[in-house]
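Secondary and tertiary structure notes
For reference, the chains in residue letters:
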Amino acid sequence: MRALLAVCTFAISLAMTPWVSGADREDVDSTSELTIADAWQPDAPSLVRAGYFTLTNTSSEEVTLVEVMSSAFESVEIHRSVVVEGIAGMEALDRLSISPGETVKFEPESLHLMMQKPKRRLGEGDHIDVALVFGNGATKSFTMPVKTRRAKYGSASHEGHHE
Ligand SMILES: [Cu+2]
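Here the structure is a predicted model, which is why all the values come from computation and not from measurement. (Residues numbered from 1 in each chain as written. Predicted model: local features only at pLDDT ≥ 70, side-chain atom pairs only at ≥ 80, totals over all residues.)

Okay, the overall build of the chain next. The helix and strand tally for the chain stands at two helices and 10 strands. For the chain, the sequential pattern of α-helices and β-strands runs α-β-β-β-β-β-β-β-β-β-β-α. A burial count over the chain gives 25% of its 163 residues as buried. Contacts in the chain between residues at least 24 apart in sequence constitute 72% of all its contacts with a sequence separation of at least 6. (Helix = DSSP H or I, 4+ residues; strand = E, 2+ residues; numbered from the N terminus. Buried ≥ 20, exposed ≤ 12 C-beta atoms within 10 Å, placed from the backbone. Contact = placed C-beta atoms within 7 Å.)

Turning our attention to the confidence of the model for the chain. Of all residues in the chain, 75% have pLDDT values of 70 or greater, and the mean over the chain is 83. In the model of the chain, helix α1 (residues 2-15) stands out as the element of lowest mean pLDDT, 47, in contrast to strand β7 (residues 103-106), which has the highest, 98. Between residues 9-28, whose pLDDT stays under 50, and residues either more than four places distant or in other chains, the model counts 27 contacts. (pLDDT = per-residue confidence, 0-100.)

This part covers the pairing of strand β5 (residues 87-93). Note that strand β4 (residues 73-84) and β5 share seven bridges and pair antiparallel. When the bridges of β5 are listed, Arg80 appears paired with Glu91. Between the antiparallel neighbours β4 and β5 lie two residues, among them Glu85 with a positive phi of about 50 degrees. (Pairing = 2+ DSSP bridges.)

Okay, unusual backbone geometry next. Its identity is not glycine, yet Asp38 carries a phi of approximately 55 degrees, on the positive side. Structurally, Asp38 is set in strand β1 (residues 34-42). Overall, Asp38 belongs to the exposed group, with 12 C-beta atoms counted inside 10 Å. The phi dihedral of Lys117 falls on the positive side, at around 60 degrees, and the residue is not glycine. Within the secondary structure, Lys117 is located in strand β8 (residues 111-118).

Moving on, we get to the pairing of β4. Residues in a regular strand point their side chains to alternate faces of the sheet. Here β4 pairs with β8 via seven bridges, running antiparallel. Across the sheet, residue Ser75 finds its bridge partner in β8, namely Gln116.

Turning our eyes to something else, we now look at the nonpolar core. With 25 residues, the main nonpolar core has Val68, Val76, Leu113, Val130 and Leu132 as its most contacted residues. Counting residues per element, the ones that place at least two in this core are β2 (48-57), β3 (63-69), β4, β8, β9 (127-134) and β10 (139-147). Looking at this core, the element that brings in the most residues is β9, giving six residues. (Core = buried A, V, L, I, M, F, W, Y, C linked by C-beta atoms within 7 Å.)

As for its placement among the helices and strands, Thr56 is situated in strand β2. Look at Thr56 and you get partly exposed, because 16 C-beta atoms sit within 10 Å. Once the C-alpha coordinates of Thr56 and Ser99 are considered, the two residues, 43 residues apart in sequence, prove to be 9.2 Å apart. Setting aside chain neighbours within four positions, we find Thr56 in contact with Thr35 and Thr103.

What follows is about the environment of Tyr52. Summarising the element assignment, Tyr52 is placed in strand β2. Taking the number of C-beta atoms within 10 Å as the measure of exposure, Tyr52 has 21 and is therefore buried. Taking C-alpha positions, Tyr52 is 6.1 Å from Gln41, a pair spaced 11 residues apart along the chain.

See below:
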């Protein structure tokens, strides 16, 4: 676990981006061809929280996710869980391309948002605003509810990598 967190922290330091960097962009959904489903954040007593959702590109063109923002956190990164030489860790992605018709799942043990330093106390029942920014200038905003793992899965057996 110590090595895993070290990898994560290293990735964070490489990719640190102030959340305000895109705050002056228009806060509107500029496309109806990107759909979001199953957004949620596991409740956790942590300054680093995961975020999950499913993104489908229903357009006929590839889109590239280049930035993720939330007013509830100081920074948000795109991470992917990886296993390198038998050791689980994660890497930060600068961008993520989604092919026409492709569905990308952010889910435990896979792609996830790494949402750091919440600006307010968060708990079950809260809702977090999330904005995705794409390389073509498109934006997509949605709401991510905070849920306990028990509420999400019906058991506490699915443990995340940050707990
Ligand atoms: Cu991560």
